[in-house]
Each structure stands twice: as C-alpha cells, then as structure tokens.
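Descriptive analysis of the structure
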Amino acid sequence: MNKPKILVTRAVFPEVIARLEQHFEVEHNQADEPWNKEQLVRRLRDKAGAFTSGGDRIDADVLAAAPQLRICANMAVGYNNFDVPAMTARKVLATNTPDVLTETTADFGFALLMAAARRVTESEHYLRAGKWQRWTYDMFAGTDVHGTTLGILGMGRIGQGIARRGAHGFGMHVIYHNRSRLAPQVEAQCKARYVSKQELLETADHLVLVLPYSPESHHAIGAAELARMKPTANLVNIARGGIVDDAALAAALREKRIAAAGLDVYEGEPKLNPDLLTVPNVVLTPHIASATVPTRRAMADLAADNLIGFLVNGKALTPLNPEVLA
Ligand code: GLV
C-alpha cells in the first residue's frame, strides 16, 4: 500500500524525519530554504499531512489549493498561524505542542525578567567593549526581583509556571489578569491574586506577557498601557509579536517611562523595529523561549506523534479542533 504523503516545511531533527519516513512518503526541507506562500502551496498540493512551524500561514487560500490535506501539525504551542475555523470547515485537523514546553518556556521568561531587571546584557556589552575601568557605587544598578510584585497577563500553563517560580522561588507577590479567573485551588498553588488589567499595569514591578495573539490581543500593551506602568517597571514579552506596540515600547524605554524590558518576540519578526536596537535598557532574544535541546525534541516528537496518530490510526494527541475527529 502506498504511504501517505506529508510535507515537513522546515528543518528538524534528522531522527524525527527518519521516524516519519517509517510511516509516510516525506518531502522535507532539511536545507531550511525559505518558501513563499506559492512555493508552500505547490508542495502541499498532493499532501495528506503537514508538519508546520509558526511561520507557516495555513489559511483558506492555502487549504483551497491543498484538497488532499487532512492534518497540519504545528511544532509550537501558539497557533496564530492557523486559521482554525477555515481548517475545521475543510475537515483539516490542527494540532499544536502544549505541555511539553511549559516549564522550559517559564524558565526563559524568568531568565529574561532577571536579565532585564539586573541589566545583565547591557553590562556585558559594556565589559566586552573594554569600557570597565573601575567599580562605582551605581554601576548598572537595576531593580530587585525578590519580594517585588510580579504581574502576569495571560494565565495559562506558562503563566502559571512563571507565577510558581516567582511566588515560591523569589517570594514575589503574584497578581494576574486573564480572560477568565482561575479556579481557587490553582490560584492557591500559584499564590496568585486576580486583578483588573488596570491594577495589573499600575501595580506590577515586573509584568510578563504570556497571552495568545489574536485580533483582540493586538497591541494589548500600547502607549496608553505603558503610560500606566511604574517608571521602575520591567516588561517581559514571551508571548507573540504584535501583542506589544514595539514602537511605543521603544519610545517608553528611551524616555525611561519604564525602566527595562526583555523581549523574545517582535512585530513582524524576524525583522525588528530599528528603534529597539538602539535603546540600551532592553534585552533582546530571537524567539528562543522554548529552545532547549530536550524541549525542542519533545515538541518535534509530539508533532510527529500527531501526524502518525491521525493519518495511521485516526487519533491525535493534542487536537485544536477535535470536532474534525468525530
Ligand atoms: C513558540 O513560540 C510556540 O508557540 O511554541
């Protein structure tokens, strides 16, 4: 019997390709060539499945050109690159990779929070540039982390991981805002108190963004929200580009209307607002919050398991539109 055909859009662990090849006829992109929409569509035309990354937009146009497609398995927990209603309408299963990256991503949120608060990269650049002549009392003096107020916008799995780290590891007072309030026992585990978005903005010493991107969360942090924050505050975005108005943030940082920021995601990435590159009080990383070797491998394995599970056995581990399975 012919194996189903699948497309793997980006380079991935060779062991995962080998596993997929046991079940499928695989067209891969181990050279990691950038494909435009037309190139992606051409390759998807005869495929039953796709192993996608967050950069692959799967929308109604793409689906219309890929009549045999039955599943897109995203190697990411975020799936704003998928038009899920359009996929459901065409009975194409969408899957993502939740859970396996929660703790690693929460670790990184904390790494960015601490690096920005304690000016780690800014001071390293100074040192590497040979500027360090002598110690001074206020050299790279930053803001404290322990015992301060940690605000979290978006309290899903990763937000809760950050809350636990802050409350239990650093004795922080945790406040959060979310579309819906958490169950009391979850709030207790995270030692987190539900507040309005306004109180969150005005009270947090460190504000971490972990909410999904959608038209509703576009520019959830813009000039008006930044103006409500403390001048000593630190803003961390590990969610998605577009949730923060990067131009407004760069201006607020430059004018010291907030003290610092740590960013892993950007509007229009991998391009950055050039103003962000010239302000010193921001730590910038290239969308690596889930990037440890074991976690990236677990994400790739989960995406592969979803493809194999669905196309071979009709089951998927982490469906986003389970109605397609019914
Ligand atoms: C990364 O950004 C992810 O959504 O997994």
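Report on the accompanying structure. Nothing here was measured: the structure is a model prediction, and the numbers come from that model.

Thresholds, definitions, all that
- Residues numbered from 1 in each chain as written.
- Predicted model: local features only at pLDDT ≥ 70, side-chain atom pairs only at ≥ 80, totals over all residues.
- Heavy atoms only, no water.
- Helix = DSSP H or I, 4+ residues; strand = E, 2+ residues; numbered from the N terminus.
- Rg over C-alpha atoms; globule rule 2.2 N^0.38 Å.
- Buried < 20%, exposed > 50% of the residue type's maximum accessible area, 1.4 Å probe, protein only.
- Contact = heavy atoms within 4.5 Å.
- Near = heavy atom within 4 Å.
- Polar contact = N/O pair within 3.5 Å; in protein donor to acceptor, adjacent residues only side chain to side chain.
- Areas by Shrake-Rupley, 256 points an atom, 1.4 Å probe, with all protein chains shown as cover.
- Nonpolar A, V, L, I, M, F, W, Y, C, P; charged D, E, K, R; others polar.
- Phe/Tyr/Trp six-rings, centres within 6.5 Å; stacked < 30°, edge-to-face > 60°.
- Lys NZ or Arg CZ within 6 Å of the ring centre and 35° of its normal.

Before going further, it helps to spend a moment on the overall build of the protein. What the protein contains, in helices and strands, is 13 helices and twelve strands. In summary, the protein has a C-alpha radius of gyration of 21 Å against a globular reference of 20 Å for 326 residues, a match within 12%. Viewed in the frame of its principal axes, the protein has a C-alpha envelope of about 75 × 50 × 35 Å. Counting the 326 residues in the protein, one finds 50% classified as buried. Within the protein, contacts between residues separated by at least 24 positions form 61% of all contacts whose residues are at least 6 apart in sequence.

Attention now moves to the site of the ligand. Near the ligand the following residues occur: Ala76, Val77, Gly78, Leu101, Arg240, His287 and Met299. Contacts to the ligand include valine 77, whose backbone N or O atom sits 2.8 Å from an oxygen atom. Side-chain polar atom of arginine 240 to an oxygen atom of the ligand: 2.7 Å apart, as the coordinates give it. Protein burial of the ligand: of its 190 Å² of free accessible surface, 84% is covered by the chains. Grouping the constituent residues of the shell around the ligand by class yields four nonpolar, two polar and one charged.

Here the focus is the packing of aromatic side chains. What the rule picks out here adds up to three aromatic pairs. With centroids separated by 5.0 Å and ring planes inclined at 75°, the aromatic side chains of tyrosine 126 and phenylalanine 140 adopt a geometry described as edge-to-face. Taken together, the positions of tyrosine 126 in helix α6 (residues 120-128) and phenylalanine 140 in the loop between α6 and β6 (149-153) put the pair 14 residues apart, joining distant regions of the chain. Measuring from centroid to centroid gives 5.3 Å for tyrosine 176 and tyrosine 194, while their planes differ by 70°, and the two rings are edge-to-face. One end of the pair, tyrosine 176, is in strand β7 (residues 173-177); the other, tyrosine 194, is in strand β8 (residues 192-194), with 18 residues separating them in the sequence. Just above the ring of tryptophan 35 sits the side chain of arginine 43; from NZ or CZ to the centre is 4.2 Å. The ring of phenylalanine 13 has arginine 297 sitting right over it, with the charged end atom 5.9 Å from the ring centre.

It is worth stressing that arrangement in space is one thing and function is another; only the former is reported here.
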